[in-house]
Amino acid sequence: ADQMKQYGLKPAGDNGTYLQEFEFIAAVKLGRTNQCVLEGKGVPDGKSELKVDADFRPLGFTTNASVSGPMAFVGYGISAPDSKYDEYKDVDVNGKIVIALRYGPDGNDLHSELYKHTSLRNKARTAREKGARGLIVIAGPVDDPDDELMRLSYDQSFASSGIPAISMKRSVVEKLLAPMGKDLKSLQEEMKKNKQPQSFELNNITVSVTSEVEFIRERTSNIVGHLEGTDAKLKEEVIVLGAHMDHLGYGGPGSGSLVPDAHEIHNGADDNASGSAALLELEQAFAAEQKSLKHSFVFIAFAGEEMGTLGSSYYVNHPFFPLANTIAMVNMDMVGRLEGKTLTTYGTGTSTRWGELLARHNRDSMFTLKLVA
């Protein structure tokens, strides 16, 4: 903000400032009420009350609620009829609590045809749409040798599953399957080998689940400045230049950090100090040539982008100039590598003009960077 002021940009934030504040969910923590009780003939001793954070843990996108009902195993919890793989086809889960393995029959393979169906949000959405009351996620022995509960983290792109959703130790589930003559590892190996669902109901077993998580809210700010164009007509058309200034903040649960418990700034020299530095350079350069600018320009240093494009989403919903007047946006993210003086550009298909601009600059002998779409 100080740099924008120094360059001569006008404030485009809140109340005549450069700061555009917004609230976001920084983290999620266990609520006071989390319970999971198994009952029935298939349960050791007829009843088992599980321990939170040891035997089960709510998922960050769970709906805070209490549900109970019979159980059903739905393999990986995937319904993909177009790919001829539907684990809900031959099992009725309406009113039941479903158990699903992480990943898919091809593991966590990015190139798998079923990969797009393997995210937890898709599993929860599918379970809800099929009529399930709740979702239990376990780590399969083939893909996850360690029987660990999933971290409690918040997914900004999937606020709520619409049903209670928990992570559970597979050792708990294995004890339920044993009296039925079923083995979790054998089931998983069969699904991987033949790509055929192995779904079934767990007879004589009911589960009661209460899940509760609490959101930790904090405030941050985009930093926004603008330069007004000089052409009486074209100045109404706005070009936005932006870069995200955050990396992972102080880390913490849900940040994606490899050391989430280290409460210290996670600097990102390339992601995205390079883009932020480029934005500052452009602010200074455009401000020095403001008298020759026909269009108006908005410069935005976005906050919260690594947590789910929070800053840019907030600006889109609270623009300084009407979005209808915004004719183009260039976003700079990790521009510091420049191997072979090549600059990669994405999103050029959003307008026919981008391809023309790239081709023109690549033909210009004075332009030293090669632009690759």
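Residues numbered from 1 in each chain as written. Predicted model: local features only at pLDDT ≥ 70, side-chain atom pairs only at ≥ 80, totals over all residues. Heavy atoms only, no water.

Engineer: Run through the overall build of the protein chain, naming residues and quoting values.
Structural biologist: Check the secondary structure of the protein chain and you find seven helices and 18 strands. Overall size of the protein chain, expressed as C-alpha extent along the three principal axes, is 80 × 45 × 35 Å. Evaluated residue by residue, the protein chain yields a buried proportion of 43% over its 373 residues. Counting only contacts in the protein chain whose residues sit at least 6 apart along the sequence, the fraction spanning at least 24 positions is 79%. Charge separation in the protein chain, taken as the distance between the mean sites of 40 positive and 50 negative side-chain charges, equals 3 Å. (Helix = DSSP H or I, 4+ residues; strand = E, 2+ residues; numbered from the N terminus. Buried < 20%, exposed > 50% of the residue type's maximum accessible area, 1.4 Å probe, protein only. Contact = heavy atoms within 4.5 Å. Lys, Arg positive; Asp, Glu negative; His and termini not counted. Charge placed at Lys NZ, Arg CZ, Asp CG, Glu CD.)

Engineer: So what about the nonpolar core? Which residues, and what values?
Structural biologist: Ranked by size, the top nonpolar core spans 32 residues in total, and within it Met71, Phe73, Met168 and Leu202 carry the most contacts. Elements supplying a minimum of two residues to this core: strand S3 (35–40), strand S6 (65–73), strand S9 (97–101), strand S10 (134–138), strand S11 (165–168), helix H3 (170–177), helix H4 (184–194) and strand S12 (200–211). Residue contributions to this core peak at five residues, all from S12. Once you skip the residues sitting within four places of it in the chain, Met168 turns out to touch Cys36, Leu50, Asp55, Phe56, Ile136, Val137, Ile138, Leu149 and Val173. The next biggest cluster of nonpolar side chains, apart from the first, holds 18 residues, and it includes Val91, Ala132, Val137 and Ala165. (Core = buried A, V, L, I, M, F, W, Y, C linked by side-chain atoms within 4.5 Å.)

Engineer: Quick rundown of the packing of aromatic side chains? Include the residues and the values.
Structural biologist: This structure, assessed with the given rule, holds six aromatic pairs. Judged by centre distance (4.7 Å) and plane angle (45 degrees), the ring pair of Phe286 and Phe297 falls under tilted. Taken together, the positions of Phe286 in helix H5 (residues 269–288) and Phe297 in strand S15 (residues 296–302) put the pair eleven residues apart, joining distant regions of the chain. Its relative accessible area of 22% is what places Phe286 among the partly exposed residues. Taking the relative accessible area as the measure of exposure, Phe297 reaches 9% and is therefore buried. Ring plane angle 20 degrees and centroid distance 6.3 Å describe the contact between Phe297 and Phe299, whose orientation is recorded as stacked. Both residues of the pair, Phe297 and Phe299, count as buried. In this structure, Lys182 packs its charged tip against the face of Phe200, placed 4.5 Å from the ring centre. (Phe/Tyr/Trp six-rings, centres within 6.5 Å; stacked < 30°, edge-to-face > 60°. Lys NZ or Arg CZ within 6 Å of the ring centre and 35° of its normal.)

Engineer: Talk me through the pattern of salt bridges; I want residue IDs and the actual numbers.
Structural biologist: One pass over the full model with this rule turns up ten salt bridges. Lys10 serves as the salt-bridge partner of Glu228, at 3.8 Å between the closest nitrogen and oxygen. With a gap of 218 residues between them, Glu228 in the loop between strand S13 (213–227) and strand S14 (238–244) and Lys10 in strand S1 (residues 10–11) connect regions that are remote in the sequence. Of the charged contacts, one joins Asp143 and Lys192 as a salt bridge, the two residues approaching to 3.1 Å between their closest N and O atoms. Placement of Asp143 in the loop between S10 and S11 and of Lys192 in helix H4 is noted, with a sequence separation of 49 residues between them. The partly exposed category is assigned to Asp143, whose relative accessible area is 25%. It is possible to trace a salt-bridge network through shared partners that takes in Lys10, Glu228 and Lys235. (Salt bridge = Lys/Arg side-chain N within 4 Å of Asp/Glu carboxyl O.)

Engineer: Describe H3, listing the residues and the values that go with them.
Structural biologist: Of the residues making up H3, those classed as buried are Arg170, Val172, Val173, Leu176 and Leu177. One side of H3 holds all its buried residues, which, seen down the axis, span an arc of 150 degrees. (Arc of directions from axis to C-beta.)

Engineer: Can you tell me about helix H7 (residues 352–363), naming the residues and giving the values?
Structural biologist: The end-to-end C-alpha distance of H7, which contains twelve residues, comes to 18 Å, matching closely the 16 Å that a straight helix rising 1.5 Å per residue would cover. Its side-chain oxygen at 3.1 Å from the backbone nitrogen of Arg353, Ser351 defines the N-terminal cap of H7. (Expected span 1.5 Å × (residues − 1). Polar contact = N/O pair within 3.5 Å; in protein donor to acceptor, adjacent residues only side chain to side chain.)

Engineer: Quick rundown of the environment of Arg121? Include the residues and the values.
Structural biologist: Note that Arg121 resides in helix H2 (residues 120–129). With a relative accessible area of 29%, Arg121 lands in the partly exposed category. With 40 residues separating them along the chain, Arg121 and Ser161 place their C-alpha atoms 6.9 Å apart.

Engineer: So, the sheet that holds S3: which residues are in play, and what are the values?
Structural biologist: With respect to topology, eight strands assemble into an open sheet ordered S4-S3-S12-S6-S9-S10-S11-S5, the strand pairing being mixed. Taken across any chain shown, the strands that pair with only one partner, and hence form the sheet edges, are strand S4 (47–49) and strand S5 (56–58). Taking each pair of neighbouring strands and ignoring which way they run, the sheet shows an average axis angle of 30 degrees. Here S9 runs beside S10; their pairing, made up of five bridges, is parallel. Within S10, the position partnered with Ala100 by the bridge is Val137. (Pairing = 2+ DSSP bridges. Axes fitted to C-alpha atoms, helices over the stretch in contact; angles between N-to-C directions.)

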